[in-house]
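Close look at the chain arrangement
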Amino acid sequence: QCLGYSTPRYAHLPVAVNEENQKLSKQHFAAPLDHKTPLPSLLRALRFLGQVVPQEPLQSDIANVLQWAIDRWDIQAVPKLANIRLESVD
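Note that the structure is a prediction, hence the values are computed from the model and not measured. (Residues numbered from 1 in each chain as written. Predicted model: local features only at pLDDT ≥ 70, side-chain atom pairs only at ≥ 80, totals over all residues. Heavy atoms only, no water.)

When helices and strands are counted, the protein chain shows two helices and two strands. The helix and strand sequence of the protein chain, counted from the amino end, reads β-α-α-β. For 90 residues, the compact-globule estimate of 2.2 N^0.38 gives 12 Å, and the protein chain exceeds it by more than 25% at 15 Å. Each principal axis of the C-alpha atoms in the protein chain carries an extent, and together these give about 45 × 35 × 25 Å. Buried positions account for 23% of the 90 residues belonging to the protein chain. Excluding contacts between residues fewer than 6 apart, the proportion of contacts in the protein chain whose partners are at least 24 apart in sequence is 59%. Accessible area of the protein chain: about 7,400 Å², with a carbon and sulfur share of 57%. The protein chain carries 9 positive and 9 negative side-chain charges, and their two centres are separated by 6 Å. (Helix = DSSP H or I, 4+ residues; strand = E, 2+ residues; numbered from the N terminus. Rg over C-alpha atoms; globule rule 2.2 N^0.38 Å. Buried < 20%, exposed > 50% of the residue type's maximum accessible area, 1.4 Å probe, protein only. Contact = heavy atoms within 4.5 Å. Areas by Shrake-Rupley, 256 points an atom, 1.4 Å probe, with all protein chains shown as cover. Lys, Arg positive; Asp, Glu negative; His and termini not counted. Charge placed at Lys NZ, Arg CZ, Asp CG, Glu CD.)

Structure follows, in structure tokens:
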């Protein structure tokens, strides 16, 4: 507020965990994302966060999918859990 900006809205998001309930991270040897094909990871992340993913996911480019997701973001659809096993959203 001192800088003249509006107060941001905050939200809690669930953490992706492995079968031992450890957060997915390099520390726990989680597989890295494939930076050459980001679209499947983005769609998986949207599903993980409870968002509706289109049947035909605007596969022209990542910018279109991001804009589509921003325009349709639903905070109420985000699971109200502290953590989620990643396998449960595949």
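It is worth spelling out unusual backbone geometry at this point. As a rule of thumb, non-glycine residues mostly have phi less than zero, and peptide bonds are mostly trans rather than cis. In the Ramachandran plot, Asn21 falls in the positive-phi region, its phi being about 60 degrees despite a non-glycine side chain. One non-glycine residue with positive phi stands out, namely Phe29, at about 65 degrees. Secondary-structure assignment places Phe29 in the loop between β1 (15-17) and α1 (38-48). Judged by its relative accessible area of 77%, Phe29 is exposed.

What follows is about α1. Taken together, the buried positions of α1 are occupied by Leu39, Leu42, Leu43, Leu46 and Phe48. Looking at the residues trailing α1, positive phi occurs at Gly50, about 80 degrees.

Note that Gln51 resides in the loop between α1 and α2 (62-72). According to the relative accessible area criterion, Gln51 is buried, its value standing at 8%. Looking at Gln51, its side chain comes within polar contact range of the main-chain nitrogen of Asp74, at 2.8 Å. In this structure Gln51 touches Leu46, Arg72, Trp73, Asp74, Ala77 and Val78, once residues within four positions along its chain are discounted. (Polar contact = N/O pair within 3.5 Å; in protein donor to acceptor, adjacent residues only side chain to side chain.)

What follows is about the packing of α1 against α2. In the contact formed by α1 and α2, the axes pass within 10 Å of each other and the chain directions differ by 10 degrees. When the axis of α1 is compared with that of α2, the two are roughly parallel. Along the contact surface, α1 presents Pro38, Leu39, Leu42, Leu43 and Leu46, while α2 presents Ile62, Val65, Leu66 and Ala69. When grouped by side-chain class, the residues that make up the contact of α1 with α2 number nine nonpolar, no polar and no charged. (Axes fitted to C-alpha atoms, helices over the stretch in contact; angles between N-to-C directions. Parallel < 35°, antiparallel > 145°, perpendicular 65-115°, else oblique. Nonpolar A, V, L, I, M, F, W, Y, C, P; charged D, E, K, R; others polar.)

On the surface, Leu13, Trp73 and Ile75 cluster together to form a nonpolar patch covering roughly 270 Å² of accessible area. Taking relative accessible area as the criterion, Leu13 reaches 44% and is therefore assigned partly exposed. (Patch = residues over 30% accessible without salt bridge, like charges linked within 9 Å, V, L, I, M, F, W, Y side chains within 5 Å. Salt bridge = Lys/Arg side-chain N within 4 Å of Asp/Glu carboxyl O.)

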